[in-house]
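Spelled out, the chains give:
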Amino acid sequence: MIDVDGYLRRIGYTGSLAPTLDTLRAVHRAQLLAVPYENATIQLGTTAALDLAALERQIVHRGGGGYCYQLNGLFGALLTALGFAVTYAEAAVNRARTGESAWGNHLVLLVPLDGRTWIADAGLGDGFLEPLPLEPGGHTQGPATFTVADQGGHWWIGLDGRTSPPGFELRTAPRALADFTAAHRRLSGEADSPFVRTFVVQRMYADRTESVRARNHIVRTAGGTETVELDRAGFAAVVRRLGVPEEEGLWELAAAQHEAWVAAGRP
C-alpha cells in the first residue's frame, strides 16, 4: 500500500478523489507538472528497483523523479489506490530504428472509464499533460495535437512534432510491473544504454517543457526551441529548479558527456 496522502502532497493535488474522468485528467496533469522525468540516480548508480516502496522513497519522500518504469509504475499504484482500474502495458520507442527489441523499452498505463480506454503516461518527459483516448484520430490539448492510430495488433501514439521521440507504439495486452524488471536493469545499468550515457532531466509546464541534456538547457514552447550551454553554476541552478534534489557528481558527468559530444562533432 502506498502513502496516498504523501503522494498527493508531492504533486500538489487537492481536488476530488472520486475515480472519474475529471479526476484522472486532473491527477495526471498534477503529476506531470510536479514530478520531473530524470535519470540522476541512474547516472550516479543509485537507481531504485521496480519496487513500490523503493519508488515511493525516491519520488514521494525524497522529492525526486525517475523515468518511465519508475514514474508510471508508481503513478499506476496511485491511480489504483484511488479506485481506478489500471493496466500496465508495454510500448516501444524508436522501433523503426532499433527493431523488435524495442518492445518493452517504455511502460504506459491504460485506464478504462465509462466504456472508453484512456492512455495515461507520466513517464515520457515531453508528452501529453492529460490522458489521451485510445481511439483513432487527432486529439488536441492546447496548441498540441496528438495522433492515435490503430496499426493492426498495436497502436501508434504520435506526439506533437516538437518532441523527441516523435511518438511510440503500444500493445494493449496486460502486463505486470515486474515484467519490466529485466528491461529496467538493462536500461539503468548497461554502458550502452542512453540513460547511462547521457544525463537528462525534463520538466513539463503548462506553456513549455524545459530539459537539461548533459550541459545543454533546452526550452520548448509553441513558438520554437531555444538551447543554451550551461556553466557549472547555471547547471546546478537549473537542475535544482527542474526538480533533481541533489546534483553532487552530476556536473562532472554532464561536463564529460558534453565534451565527448563536441569531440565527436555532435551539435
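Up top you'll find the structure we're talking about.
The rules behind each value
- Residues numbered from 1 in each chain as written.
- Predicted model: local features only at pLDDT ≥ 70, side-chain atom pairs only at ≥ 80, totals over all residues.
- Heavy atoms only, no water.
- Phe/Tyr/Trp six-rings, centres within 6.5 Å; stacked < 30°, edge-to-face > 60°.
- Helix = DSSP H or I, 4+ residues; strand = E, 2+ residues; numbered from the N terminus.
- Buried < 20%, exposed > 50% of the residue type's maximum accessible area, 1.4 Å probe, protein only.
- Lys NZ or Arg CZ within 6 Å of the ring centre and 35° of its normal.
- Salt bridge = Lys/Arg side-chain N within 4 Å of Asp/Glu carboxyl O.
- Expected span 1.5 Å × (residues − 1).
- Contact = heavy atoms within 4.5 Å.
- Core = buried A, V, L, I, M, F, W, Y, C linked by side-chain atoms within 4.5 Å.
- Pairing = 2+ DSSP bridges.
- Axes fitted to C-alpha atoms, helices over the stretch in contact; angles between N-to-C directions.

A. Structural view of the packing of aromatic side chains. Overall, the coordinates contain six aromatic pairs when judged by the stated rule. Centroid distance phenylalanine 235 to tryptophan 251: 5.5 Å. Interplanar angle 65°. Geometry classified as edge-to-face. A residue pair is termed long-range when its members are at least 10 positions apart, and phenylalanine 235 in helix H9 (residues 232-242) and tryptophan 251 in helix H10 (residues 250-263) qualify at 16 residues. The two residues phenylalanine 235 and tryptophan 251 agree in class, both being buried. Sitting over the ring of tryptophan 103, arginine 171 keeps its end group 3.9 Å from the ring centre.

B. Inspection of the pattern of salt bridges at higher detail. A full pass over the atoms with the stated rule returns 13 salt bridges. One salt bridge connects glutamate 100 with arginine 95, and the closest N-O pair in it is separated by 2.4 Å. The salt bridge involving glutamate 210 is made with arginine 241; its shortest N-O contact spans 2.8 Å. With glutamate 210 in strand S11 (residues 209-213) and arginine 241 in helix H9, this pair connects stretches of sequence that are 31 residues apart. One salt-bridge network, in which partners are shared between bridges, spans Glu90, Arg171, Arg175 and Asp179.

C. Structural detail: helix H2 (residues 21-34). Between its first and last C-alpha, H2 extends 20 Å over 14 residues, near the 20 Å set by a 1.5 Å rise per residue. Residues Leu21, Thr23, Leu24, Val27, His28, Ala30, Gln31, Leu32 and Ala34 constitute the buried set of H2. Elements that come into contact with the buried residues of H2 comprise helix H1 (4-11), helix H5 (68-81), strand S3 (106-113), strand S4 (116-120) and strand S10 (200-204).

D. Layout of the nonpolar core. In this structure, Ile11, Tyr69, Phe75 and Leu78 are the most contacted members of the largest nonpolar core, which totals 48 residues. Broken down by secondary-structure element, the contributors of at least two residues to this core are H1, H2, helix H4 (52-61), H5, S3, S4, helix H7 (181-189) and S10. The element that contributes the greatest number of residues to this core is H5, accounting for eight residues. With near-sequence residues (within four places) excluded, leucine 78 lies in contact with Ile2, Val4, Tyr7, Leu8, Ile11 and Val27. Of all hydrophobic cores here, the second largest spans 18 residues; its members include Leu110, Leu134, Ile157 and Phe168.

E. Examining the sheet that holds strand S8 (residues 155-158) more closely. Pairing within the open sheet is antiparallel, and its eight strands lie in the order S5-S4-S3-S2-S9-S8-S7-S6. Two strands bound the open sheet, and with one partner strand each, they are strand S5 (132-133) and strand S6 (137-141). The pairing of S6 with strand S7 (residues 144-150) spans five bridges and is antiparallel. If you follow glutamine 141 over to S7, its bridge partner there is alanine 144. Of the strands in this sheet, S3 and S4 are in contact with H2, which crosses S4 at around 10°.

F. Region of interest: the environment of aspartate 3. Along the chain, aspartate 3 turns up in the segment before H1. With 58 residues separating them in the primary sequence, aspartate 3 and histidine 61 have C-alpha atoms 9.5 Å apart.

G. Geometry of the pairing of S11. Here S11 lies mainly inside the structure; four of its five residues are buried. Of the pairings in the sheet, the one linking S10 to S11 comprises five bridges and is antiparallel in character. Note on S11: the bridge partner recorded for arginine 203 is glutamate 210. Counted between consecutive antiparallel strands, the loop separating S10 from S11 contains four residues. Of the strand pairs in this sheet, S11 and strand S12 (residues 216-221) are connected by five bridges, and their pairing is antiparallel. Residue pairing for S12: valine 212 is matched across the bridge by histidine 217.

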